There are 2 protein chains.
Amino acid sequence: MSAGISLDQSYPNLFTPEDQVFVRALEDDPVSIPPRHALTLRGEPLSHAAYLTSGFAGRFRADWTGRRQLLSLHIPGDFIDLPSFMLFRLDHDIDSFNAITCARLHHDRIAQMRVTMPHLYDCFWRISLMDSAIQRYWAFRVGRLVGRARIANFFAEIFARMFARKLCGTDGFTLPLTQADIGEACGMTPVHANRMLGELREEGTCTLENGRLVIHDLRLLASVGQFEWDYLYLPPQAEAELADLLGAGATRQRRRAPAPAPRT
Amino acid sequence: MSAGISLDQSYPNLFTPEDQVFVRALEDDPVSIPPRHALTLRGEPLSHAAYLTSGFAGRFRADWTGRRQLLSLHIPGDFIDLPSFMLFRLDHDIDSFNAITCARLHHDRIAQMRVTMPHLYDCFWRISLMDSAIQRYWAFRVGRLVGRARIANFFAEIFARMFARKLCGTDGFTLPLTQADIGEACGMTPVHANRMLGELREEGTCTLENGRLVIHDLRLLASVGQFEWDYLYLPPQAEAELADLLGAGATRQRRRAPAPAPRT
DNA sequence: CGCGGAGTTGAACGCATTCAAGTCTTGTGG
DNA sequence: CCACAAGACTTGAATGCGTTCAACTCCGCG
């Protein structure tokens, strides 16, 4: 049971010191969940909103044959089911990847914040929308990019989020996902995920081994994945650091492609 | 400039009559946008939140070659950029499909609602999350389903949303999308979209013609698309009607597939 | 009458899936 | 300490879904 990451560390520049103290006081008993275990099931009524203080979790939705699509990956510091405060039930399952601990806020206490701590209340809305933006970008990733780029883009995002939260350096980070998980995240078979990871390794981009992603060439990772990070809504300082590390990104372009280039 | 759909019609059971009157009074000048025109650009600072009173619009994100992925399709009654209230800028472009009109609420006025109309303020948060759930499901669609199922699932969703809002009957609805648009929505080339639409037509599921989707067999459409609608967070009555029209849907199943069936 | 956008179709190619057979690692029990 | 089972990872070969390229039709519009 590590001390864990605080909300203030997770979302710098968002909370006031008073917010931080206040929200700490509202937390109910923390919970621990073993690896590869369900946190919440689709449709189940929820009474608390939880955020990860350690470990990784993901949201899943399965097709009628039982094959799962990973819809989001949550890293330490993320709220994992904040939408349940407004929607009461979720439309997907949430599972842990490794062992996790989370702090919990009862919905009623969040509701009281609307009057007592309006700024904090707004922060929660804002956080839920930042989370949604990440999930929206997920559709772009699996819809528009080819296999290798999908995985590189996925890795680049997780790096950016971990790095912005100071949970890792530039050389890699803990990532307790199997190749089958990568497949579920990026909409491909485990076998194909394996081959694409092999290519990324061969070309000197990155290596996934023993629950850790080792990054060999950060700029290459970002460019193979066509990664941009505006959708993460990071504080200006973190954005600047990322621009420095990952390269300028693409220059912005509008409208349909002049010459519809082959899918990359 | 038609009278257009009201928020109350769009989200039945959500607003109180007072909410409805109040929000109407806050609306700024409505705007009209011509077909195939940009509403907002990625990164642009916004001062208003708009909702569609008529017409269709979509959110897009392009890869580095300029090819676009449709991230969401907005039908009359949808808020299209409500997240901008909390995030100030958007991470994607918004374009019209046909001619649209929208009502606008200044961010400052929404902010004032937090004290004056707390219930209404919460409704806006809730609406933004219902919208997010739709966009999250988009990742499932393009990540897990094969071509024909992707399109059928997409059509089934639009039908469900239009029908729940009483904007169409069971025989079809206005859908001002080209086959190229369908391709951008479902993550495939226009050519392949054409072939898949041909199959759906041949097998008696539905026909897309002249900016209208004609539904020949609603249950078939839903089953080909493996469509479920829990993620739409519709009022109970609409859910019951849909269950009646579309069939029971799949019985819920958890965990990985016992025998990993081929991708459908 | 000619242009452009949307839709359609055929054929070749290639990315991704499927099936299958392996290796390697890890943890468990004899 | 070793045998064994289970899961993760790897690799090859065949198949097939989707893309690409290209040509052609249809239709509305200037």
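Residues numbered from 1 in each chain as written. Chains lettered and ligands numbered in written order. Predicted model: local features only at pLDDT ≥ 70, side-chain atom pairs only at ≥ 80, totals over all residues. Heavy atoms only, no water.

Naming follows an unreviewed UniProt entry, where chain A appears as HTH crp-type domain-containing protein of Paracoccus contaminans.

A. Structural context of helix H7 (residues 179-186) of chain A. Residues and elements named next belong to chain A. Burial runs high along H7: 6 of the 8 residues are buried. Along H7, the residues that are buried comprise Asp-181, Ile-182, Gly-183, Glu-184, Ala-185 and Cys-186. Gly-187, located one to two residues past H7, shows a positive phi value of around 70°. (Buried < 20%, exposed > 50% of the residue type's maximum accessible area, 1.4 Å probe, protein only. Helix = DSSP H or I, 4+ residues; strand = E, 2+ residues; numbered from the N terminus.)

B. Focus on helix H10 (residues 236-246) of chain A. All names here are of chain A. For H10, the full list of buried residues reads Ala-238, Leu-242 and Leu-246. Down the axis of H10, the sector holding all buried residues measures 50°, keeping them to one side. In H10, the exposed residues that point more than 90 degrees away from the buried face are Pro-236, Gln-237 and Asp-244. Those residues of H10 that are buried lie in contact with helix H6 (147-164) and helix H9 (218-224). At the C-terminal side of H10, Gly-247 shows a positive phi close to 95°. (Arc of directions from axis to C-beta. Contact = heavy atoms within 4.5 Å.)

C. The UniProt feature "domain: HTH crp-type" (unreviewed entry) in chain A, seen in detail. Following the UniProt record, the feature "domain: HTH crp-type" (unreviewed entry) maps to residues 145-219 of chain A here. Secondary structure across residues 145-219 of chain A comprises 55% helix and 15% strand; the distance between its end C-alpha atoms is 18 Å. (UniProt positions renumbered as here; feature names shortened; annotations may be inferred.)

D. How the structure looks around the pairing of strand E5 (residues 68-74) of chain A. Residues and elements named next belong to chain A. Most of E5 sits out of view: 7 of its 7 residues are buried. Strand direction decides the pairing type here: strand E4 (residues 57-62) and E5, joined by 6 bridges, are antiparallel. In the strand pairing of E5, Ala-57 is matched with His-74. (Pairing = 2+ DSSP bridges.)

E. Main features of the environment of His-107 of chain A. All names here are of chain A. With respect to the helices and strands, the residue His-107 is situated in helix H4 (residues 107-116). Separated by 96 residues in sequence, His-107 and Glu-203 have C-alpha atoms that sit 48 Å apart. In this view, His-107 contacts Leu-46, Ser-47, His-48, Ala-49, Ser-84 and Phe-85; residues no more than four positions away in its chain are not counted.

F. Region of interest: the relation of the copies chain B and chain A. Take chain B, turn it by 180°, move it 0.0 Å along the axis, and it overlays chain A with an RMSD of 0.0 Å. With respect to symmetry, the two chain copies, as superposed, fit the operation of a two-fold axis. Closest approach to the rotation axis among the C-alpha atoms of chain B is made by Ala-139 of chain B, whose C-alpha sits 2.1 Å away. Interface overlap between copies: 100% of the residues of chain B at the interface are likewise at the interface in chain A, consistent with a symmetric, same-surface contact. (Least-squares fit on C-alpha atoms with pLDDT ≥ 70 in both.)

G. Quick peek at the packing of aromatic side chains. This structure, assessed with the given rule, holds 31 aromatic pairs over all chains. Among the aromatic residues, those joined into a cluster by ring pairs are Phe-85, Tyr-121 and Trp-125 of chain A together with Phe-85, Tyr-121 and Trp-125 of chain B. Taking the ring centre of Trp-138 of chain A as reference, the NZ or CZ of Arg-141 of chain A above it sits at 4.8 Å. (Phe/Tyr/Trp six-rings, centres within 6.5 Å; stacked < 30°, edge-to-face > 60°. Lys NZ or Arg CZ within 6 Å of the ring centre and 35° of its normal.)

H. Just the pattern of salt bridges, in detail. Applying the stated rule across the entire model yields 36 salt bridges over all chains. Here Arg-42 of chain A ties to Asp-230 of chain B by a salt bridge, and the two come within 2.9 Å at their closest N and O atoms. Remark: Asp-230 of chain B occurs in the loop between helix H9 (218-224) and helix H10 (236-246) and Arg-42 of chain A occurs in the loop between strand E2 (38-40) and strand E3 (48-54); the pair is interchain, linking two chains. Assigned by exposure class, Arg-42 of chain A and Asp-230 of chain B land together as buried. (Salt bridge = Lys/Arg side-chain N within 4 Å of Asp/Glu carboxyl O.)

I. Fine view of the interface of chain B and chain A. On the side of chain A, 76 residues touch chain B, which itself brings 76 residues to the contact. Around 7400 Å² of area is buried between chain B and chain A when both sides are counted, 52% of it from carbon and sulfur atoms. It is Trp-64, Trp-125 and Arg-136 of chain B in chain B that bury the most area against chain A; as a group they hold 13% of the surface buried on that side. The interface formed by chain B and chain A includes 14 salt bridges. (Buried area = accessible area lost by both parts, 1.4 Å probe.)

J. Expanded view of the sheet that holds E3 of chain A. Residue and element names in this part refer to chain A. Pairing in this open sheet of 3 strands is antiparallel, and the strands run E1-E7-E3 from one edge to the other. Bordering the open sheet on either side are strand E1 (28-33) and E3, each of which pairs with just one other strand. Strand-to-strand twist across the sheet, computed as the mean angle between neighbouring axes with direction ignored, equals 30°. As defined by bridge partners, E3 adjoins strand E7 (residues 100-106) across 6 bridges and the pair is classed as antiparallel. Among the inter-strand pairings, Tyr-51 is bridged to a residue of E7, identified as Ala-103. (Axes fitted to C-alpha atoms, helices over the stretch in contact; angles between N-to-C directions.)

K. Structural view of the sheet that holds strand E9 (residues 206-209) of chain A. Residue and element names in this part refer to chain A. Judged by pairing direction, the sheet is antiparallel, and its 3 strands sit side by side in the order E8-E10-E9 without closing on themselves. Edge positions in the open sheet fall to strand E8 (172-174) and E9, since each of these has one partner strand only. Geometrically, the sheet is characterised by an average inter-axis angle of 10° between neighbouring strands, direction not taken into account. In this fold H6 packs onto E8, E9 and strand E10 (212-215), with an angle of close to 85° to the strand it touches most, E8.

L. Just unusual backbone geometry, in detail. All names here are of chain A. Even without glycine at this site, Asn-210 takes up a positive phi of about 55°. In this fold, Asn-210 is placed in the loop between E9 and E10. Here the phi dihedral of Tyr-233 falls at roughly 50°; this positive angle occurs in a residue that is not glycine. With respect to the helices and strands, Tyr-233 occurs in the loop between H9 and H10. Judged by its relative accessible area of 10%, Tyr-233 falls in the buried class.

M. Representation of the side chain of Arg-136 of chain A in the model. Within the secondary structure, Arg-136 of chain A sits in helix H5 (residues 118-144). Here Gln-135 of chain B takes part through its side chain, which lies 2.8 Å from a polar atom of the side chain of Arg-136 of chain A. Arg-136 of chain A has contacts with Arg-59, Leu-71, Asp-91, His-92 and Gln-135 of chain B, leaving out every residue within four places of it along the chain. (Polar contact = N/O pair within 3.5 Å; in protein donor to acceptor, adjacent residues only side chain to side chain.)

N. Spatial organisation of the domain arrangement of chain A. All names here are of chain A. Domain annotation for chain A reports domain 1 (7-140) and domain 2 (145-246). Relative placement of domain 1 and domain 2: their C-alpha centres are 22 Å apart. Of the residues lining the interface, 26 residues belong to domain 1; the matching set on domain 2 comes to 26 residues. Roughly 2300 Å² of surface becomes buried between domain 1 and domain 2 when both sides are summed, with 59% attributable to carbon and sulfur atoms. It is Ile-75, Ile-134 and Tyr-137 that lose the most area in domain 1 upon contact with domain 2, and together they represent 25% of the buried surface on that side. At the boundary of domain 1 and domain 2, one finds 4 salt bridges. The salt bridge partner of Asp-181 is Arg-36, with a shortest N-O separation of 2.6 Å. Listing elements by their share of the side of domain 1 that touches domain 2, those giving two or more residues are helix H1 (7-10), E5 and H5. At 6 residues, the largest contribution of residues to the side of domain 1 that touches domain 2 is made by H5. For the side of domain 1 that touches domain 2, a count of residues per class yields 15 nonpolar, 7 polar and 4 charged. (Domains from an automatic or database assignment. Nonpolar A, V, L, I, M, F, W, Y, C, P; charged D, E, K, R; others polar.)

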